[in-house]
Each structure stands twice: as C-alpha cells, then as structure tokens.
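Chains, contacts and geometry: an overview
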Amino acid sequence: MAQILRALSKDKNIAIFIMDSTDIVEYARKIHNLPPIPAAALGRLLTATSMMGVMLKGENHSVSVQISCSGVLKGLVAVSDSKGNVKGYVKNKEVLTEIDERGKLNVKGAIGEGTLTVIKDLGLKEPYIGQIELVSGEIAEDITHYFALSEQIPSAVALGVLIDRDESIKSAGGFIIQVLPETDEKVILDLEQKLKNFTNISSVLENKSIEEIVKELFGKIEYEVLAKHQPVYKCDCSKEKVESIIPLLKDEEISDETIEIVCSFCEKKYYFSKEEAFKIKYGE
C-alpha cells in the first residue's frame, strides 16, 4: 500500500515529505496501459503531486500539476486532494522506449521544453496559479525550481520509478525536503551530503522503508513524525461531470446515435444518446 510520511525537525527548520508510491504508479500504469517512458514520467508526477497534496491545510483543498511540453509525451496532468489521493494522465502514451546516455529511460527527452503549472484550489474565489519554464524535463528538478521561484521555499526533490522486465512497476517514490532560510549552514551542508546517497530513490525504496530513509536523512537532528497517510489512486468522475465536454463538440461529432466519452483520468467510458447530447449542447 502506498504511504506518505511527514516529519519535522524539533526546531521546525526542516520538513521532510517522503512517499512510497509503488502501488499507485502500478495502478496508473495498468489502467492507462502505459509503456515504460510514459509510466515513468506519470509516476514521477503522481508522486510529487500526492506529496504536494498533503502539504495543503484544508480538507477540501486540492492541487493540480500540469506539464505542457514539446516532447513526444505532449503533456502530463496530476491532481491530488489534501489526503494525497491522486489521479493523472499522459496526453500521448504511444511513446517508444529510449535509453539515455546514463543507461536510464529517456524521460527528459520525451518531455523536452515547456512549462510546469501548479494550480491550488484553496476554497477561495480564485485558485492560486504558479507557472515556470521547465529547466530540465527531469520533473524533480523542475519541481525544485518551482518551489524556489514561485513559493520561495528552498527545497530538494527526488522522484524515481523503477520498471521491471515485464514493464510492471518494481518500485516508485520520492521525497521533498524543505528548509527554512535561517537554518544553520552546517546543517544544510550535512543534509546535502546525505542526499547524495539517495539520487536513485526508487532503488533505495526496494531495500529500505520510508521510516528508515527519514531517520537516515535527519541523522543526529531530532525530529518527530507529524503524520502518516495511505493515499490511493482515486478518480471522482461521473456522467454529470463528463457531460461538460459535450458543448465543446462540433455538431458533426454528434452524428452517431450513441456518443462515447472516455474519462482521461481513469479510462471509464460514458455513453450519451444523440438526442441527449444535443439537449445538453443547446439546452432544448
């Protein structure tokens, strides 16, 4: 089962969010029928968005992280509630497997250039929207850049998805470490040194629990675990929600007797008769 652990140093200067998202990423891979590169890219984004979700304070708050890009993936979307329950999709999943110069899946190349947009629904009149240019396409680096630029929070982000020989998800997860500016420089340098052991977080999660990783990251620094979450992949679509797409259809797209609309997040199919569709579109 997927897990998120949230921990805070006793002096409240260092916050760590860490997640084992293996089950969620495998579920997403299955329902979307994703080959390795789209699975790895979406898995990273789902992991990051889920952790960003549990950072929200209100029960009904939500966060959406969207990547619009020039690469073959064309774009990715993930949405999380404040419990870390998450859903997402890749705009183009027909992507061939390509290995980069490091011998890893070339997610960076499949994303290319573009923008990362974070939309937070905090129950206010208008949502908070932050947008940055992608700095690398590695997703973890882009989210690190987002925190620094849009929220002015120095952060370290690691995200990883390890794919097995049968293309299932062997392990997936990540962490977000946030440090207050007044934190002692020696503490930051020590933390940076420790982070070098976790550059391949998905492989680390094969052998260590998230509790063990947090303990290792904090080292001699006193900390407490503030919360543990067990998020799931969760889509809240309904026929009423998807019918909002119908007014966007051209009349010739409503020529068949039955109209099929597929939810992008969970692949569930909804059907509308031609009569129903025109009634929704024109209110007759």
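If you're wondering where the values come from, they're calculated on a predicted model, not measured in any experiment. (Residues numbered from 1 in each chain as written. Predicted model: local features only at pLDDT ≥ 70, side-chain atom pairs only at ≥ 80, totals over all residues. Heavy atoms only, no water.)

What about the domain arrangement of the protein?
Threshold: By convention here, the domain bounds are inherited from an automatic or database domain assignment. In this analysis, two residues are considered to be in contact whenever any of their non-hydrogen atoms come within 4.5 Å of each other. Put simply, buried area is how much 1.4 Å-probe accessible surface two parts lose in total, over both of them, once they are put together. Salt bridge criterion: a side-chain nitrogen from Lys or Arg within 4 Å of a carboxyl oxygen from Asp or Glu. Polar contacts here mean pairs of N or O atoms no more than 3.5 Å apart (in protein, one a potential hydrogen donor and the other a potential acceptor; neighbouring residues in sequence count only if both atoms are side-chain atoms). Under the DSSP-based scheme used, a helix requires at least four consecutive residues in state H or I and a strand at least two consecutive residues in state E, with every element numbered from the N terminus. Under the convention adopted here, Pro, Cys and the residues Ala, Val, Leu, Ile, Met, Phe, Trp and Tyr are nonpolar, Asp, Glu, Lys and Arg are charged, and Gly plus all remaining residues are polar.
Domain assignment breaks the protein into domain 1 (3-229) and domain 2 (239-282). The C-alpha-based centres of domain 1 and domain 2 are spaced at 34 Å. On the domain 2 side, the residues contacting the eight residues of domain 1 number four residues. In total, domain 1 and domain 2 occlude about 510 Å² of area from one another, counting both sides; carbon and sulfur atoms represent 66% of this. In this assembly, domain 1 and domain 2 are joined by one salt bridge. Across the pair Glu267 and Lys93 runs a salt bridge whose closest N-O atoms are separated by 3.7 Å. At the junction of domain 1 with domain 2, the criterion picks out two residue pairs in polar contact (both at pLDDT 80 or more). Those elements that place two or more of their residues in the side of domain 1 that touches domain 2 are helix H1 (22-32), strand S4 (75-81) and strand S5 (86-90). For the side of domain 1 that touches domain 2, the element with the highest residue contribution is S5, accounting for three residues. Across the side of domain 1 that touches domain 2, the residue classes break down as four nonpolar, two polar and two charged.

Concerning the sheet that holds strand S7 (residues 128-133)
One key point about sheets: their strands pair by backbone hydrogen bonds, in either a parallel or an antiparallel sense. Stated formally: What makes two strands pair is DSSP finding at least two bridges between them. Angles here are taken between N-to-C directions and fall from 0 to 180 degrees, while the axes themselves are lines fitted to C-alpha atoms, restricted in helices to the stretch in contact.
Judged by pairing direction, the sheet is antiparallel, and its five strands sit side by side in the order S5-S4-S3-S6-S7 without closing on themselves. The open sheet terminates on both sides in strands that have one partner only, identified here as S5 and S7. The sheet shows a mean angle of 10° between the axes of neighbouring strands, taken without regard to direction. Two strands pair when backbone bridges link them, and strand S6 (residues 114-121) and S7 are joined in this way by six bridges, in the antiparallel orientation. When the sheet's bridge partners are listed, Leu116 is paired in S7 with Ile132. Across the sheet, helix H4 (residues 140-150) lies against S6 and S7, angled at about 120° from S7, the strand it touches most.

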